[in-house]
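An overview of the molecular structure
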Amino acid sequence: MSKANRLDRRAVVASLLKDRKDAIVVGGLGASTYDIAAAGDHARNFYLWGAMGGAVMIGLGLALAQPKLPVVVITGDGEMLMGMGSLATVGLQKPGNLSIIVLDNEAYGETGGQTSHTASSADLVGVAKACGIADVRTLETTAEIEAFAASLQDVAEGPRFANVKIDAANLERVLSSRDGMFILTRLRGDLGFGPI
Amino acid sequence: MHARAEAPTEAAVEPAAESAASWPDDIFAVLQRFDVRQVPYVPDAGHSQLIQRVLASPAMRGIPLTTEEEGVALLAGAWAGGQRGVLLMQSSGVGNCINMFSLTQIFRFPFLTLVTMRGEWGEFNPWQVPMGSSTQAVFELSGIKVLRASQPDEVREVMEAAAGQAYGACTPTAVLLSQRLIGAKVFTK
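About the thresholds
- Note that residues are indexed from 1 along each chain, following the sequence as it is written.
- Here the convention is simple: chains get letters from A, ligands get numbers from 1, in the order in which they are written.
- Totals for whole chains, interfaces and linings use every residue, but because this is a predicted model, local features are given only for residues with pLDDT of at least 70 and side-chain atom pairs only at 80 or more, for both listing and counting.
- Calculated side-chain values reflect all of the structure's heavy atoms, with hydrogen atoms and water omitted.
- Contacts are residue-level and defined by heavy atoms, with any inter-residue pair within 4.5 Å sufficient.
- The term buried area means the drop in 1.4 Å probe accessible area that two parts suffer when joined, counted for both and summed.
- Think of a polar contact as two N or O atoms within 3.5 Å of one another; within protein, one of them needs to be a possible hydrogen donor and the other a possible acceptor, and neighboring residues in sequence only count if both atoms come from side chains.
- Helical segments are the DSSP runs of H or I of at least four residues, strand segments are the runs of E of at least two, and each set is numbered from the N terminus.
- Any carboxyl oxygen of Asp or Glu within 4 Å of a side-chain nitrogen of Lys or Arg constitutes a salt bridge here.
- Exposure categories follow from relative accessible area, calculated using a 1.4 Å probe and restricted to protein chains: below 20% of the type maximum is buried, above 50% is exposed, and the middle band is partly exposed.
- Two aromatic rings, drawn from Phe, Tyr or Trp (for Trp, its six-membered ring), form a pair once their centres lie within 6.5 Å of each other, and the interplanar angle then sorts them: stacked below 30 degrees, edge-to-face above 60, tilted otherwise.
- Two residue types count as positive, namely Lys and Arg, and two as negative, namely Asp and Glu; His and chain ends fall outside the count.
- Residues enter a nonpolar core if they are buried and are Ala, Val, Leu, Ile, Met, Phe, Trp, Tyr or Cys, with the set joined through side-chain atoms within 4.5 Å.

Our next topic: the interface of chain B and chain A. The interface is formed by 26 residues belonging to chain B together with 29 residues belonging to chain A. When chain B packs against chain A, the two sides together hide about 2,200 Å² of surface, and 68% of this comes from carbon and sulfur. When the buried surface of chain B facing chain A is broken down by residue, Arg61, Ala80 and Phe107 of chain B rank first, second and third, together holding 25% of it. At the junction of chain B and chain A, the tally comes to seven residue pairs in polar contact (both at pLDDT 80 or more). Of all the elements in the fold, those that place two or more residues in the side of chain B that touches chain A are strand S2 (61-64), helix H4 (69-80), helix H6 (102-106) and helix H8 (155-169) of chain B.

Right under this line is the structure:
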């Protein structure tokens with residue numbers, strides 16, 4: 001079920017990451033991870049294939065450890081709903097370098113497209129704002145996506161939260177590595193950390 | 001307010017007696033020595049002195065959580081970014097973490113958690129007993145090694161062993177701080 005005039009998720013993520021520079025990108029399990037892989041594999045991509053509800057917290061741990069680097073969490077509405085408390089934790093810590101983007105298709109696309117809470121009642125932008133994240137917005141146009149992509153490089157003015165209503169069409173999966181040790185070691189290596 | 005279990009007298013339940021405990025300082029010293037930087041926690045009375053030390057430390061960042069599993073994910077991210085952390089929680093929070101404990105096997109990162117025990121040793125509140133009774137088994141089923149400290153003078157040694165294997169060998173480890181150590185919670189009207 002697709003609603004009219006919604007943005008294409010692959011185009012949104014490609015635009016967000018087009019000029020990512022040194023940014024670390026965390027992908028929530030499911031289609032968000034496929035979208036990030038489709039935009040191009042990268043040593044600083046941190047793909048999640050499980051740990052539902054944990055994407056924002058993994059991003060927060062990274063953001064606090066690497067305050068000079070932009071950390072971008074891209075996840076879905078279902079994954080964000082499961083970790084909504086983490087928005088309160090981020091609102092308290094206020095890491096300037098953390099950006100959270102929810103690709104909101106109002107459905108659990110990976111499991112058959114069951115309707116999620118955001119289709120009719122839950123307002124994640126409102127939740128983020130109420131949790132103390134000052135920079136919150138809904139992105140609806142390509143121009144807004146491009147402007148927001150530029151702001152991701154700013155590591156002083158976050159945290160920021162954006163909800164993007166996307167088309168709910170299920171796209172062909174683009175599979176990233178699902179080997180946690182590989183993606184962890186690759187990221188740590190790129191940041192200059194060796195094995196134990 | 002907690003009474004020391006080995007001396008449940010009126011005098012022992014005074015806050016001054018509790019704040020004089022030295023084992024939380026022993027824990028803090030070990031965390032300092034192992035360069036622990038991120039300290040997520042859900043508050044517990046048994047952790048209160050340690051949390052105060054953490055929040056007063058310029059080298060550590062105390063991070064209050066809304067629920068304990070947030071801390072497991074946070075520590076995975078911290079390690080990906082090059083920092084060590086430790087998760088402070090009460091035994092009832094361990095059950096909240098179960099699926100997120102998967103990260104300790106997926107990433108084999110240096111996971112250390114310090115758990116104040118409820119539901120044992122003179123527990124007044126029956127609601128604490130089920131989770132307190134299964135805490136150790138939950139960790140072990142999740143592939144996390146369990147060490148326990150029950151006496152004040154063994155806390156430092158247990159902490160050094162736990163931090164050594166967690167940070168030195170990336171062996172996920174939980175330290176259970178017995179209710180006998182922290183004192184059974186006293187409920188008064």
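The rest of the description comes next.
All names here are of chain A. Tallied over the entire structure, the rule returns 18 salt bridges over all chains. Taking the shortest distance from any N to any O, the salt bridge between Arg160 and Asp135 comes out at 3.8 Å. Here Arg160 is found in strand S8 (residues 160-165), whereas its partner Asp135 is found in strand S7 (residues 135-139), with 25 residues between them in sequence. Since its relative accessible area comes to 2%, Arg160 is described here as buried. The partner of Asp154 in a salt bridge is Arg160, with the nearest N and O atoms 3.4 Å apart.

Evaluated as defined, the whole model comprises seven aromatic pairs over all chains. Among the aromatic residues, those joined into a cluster by ring pairs are Phe101, Phe109, Phe111 and Phe139 of chain B.

Moving on: the side chain of Arg188 of chain A. Along the chain, the position of Arg188 of chain A falls in helix H8 (residues 180-190). Asp35 of chain B is the oppositely charged side chain nearest to the buried, salt-bridge-free Arg188 of chain A, at an N-O distance of 11 Å. Those residues in contact with Arg188 of chain A that sit more than four places away from it in its chain are Phe193 and Gly194 of chain A together with Trp79, Ala80 and Gly82 of chain B.

Ranked by internal contacts, the top residues of the largest apolar core, which has 84 residues, are Phe46, Ile74, Ile101 and Phe161 of chain A together with Phe101 and Phe139 of chain B. For this core, the leading source of residues is helix H3 (residues 55-65) of chain A, giving eight residues.

Residues and elements named next belong to chain A. Mapped onto the fold, Thr75 is located in strand S3 (residues 71-76). A distance of 2.9 Å separates the side chain of Thr75 from the side chain of Glu79, its partner in a polar contact. Not counting chain neighbours up to four residues away, the residues in contact with Thr75 comprise Gly28, Ser32, Ala55, Met80, Ile101, Val102 and Leu103.

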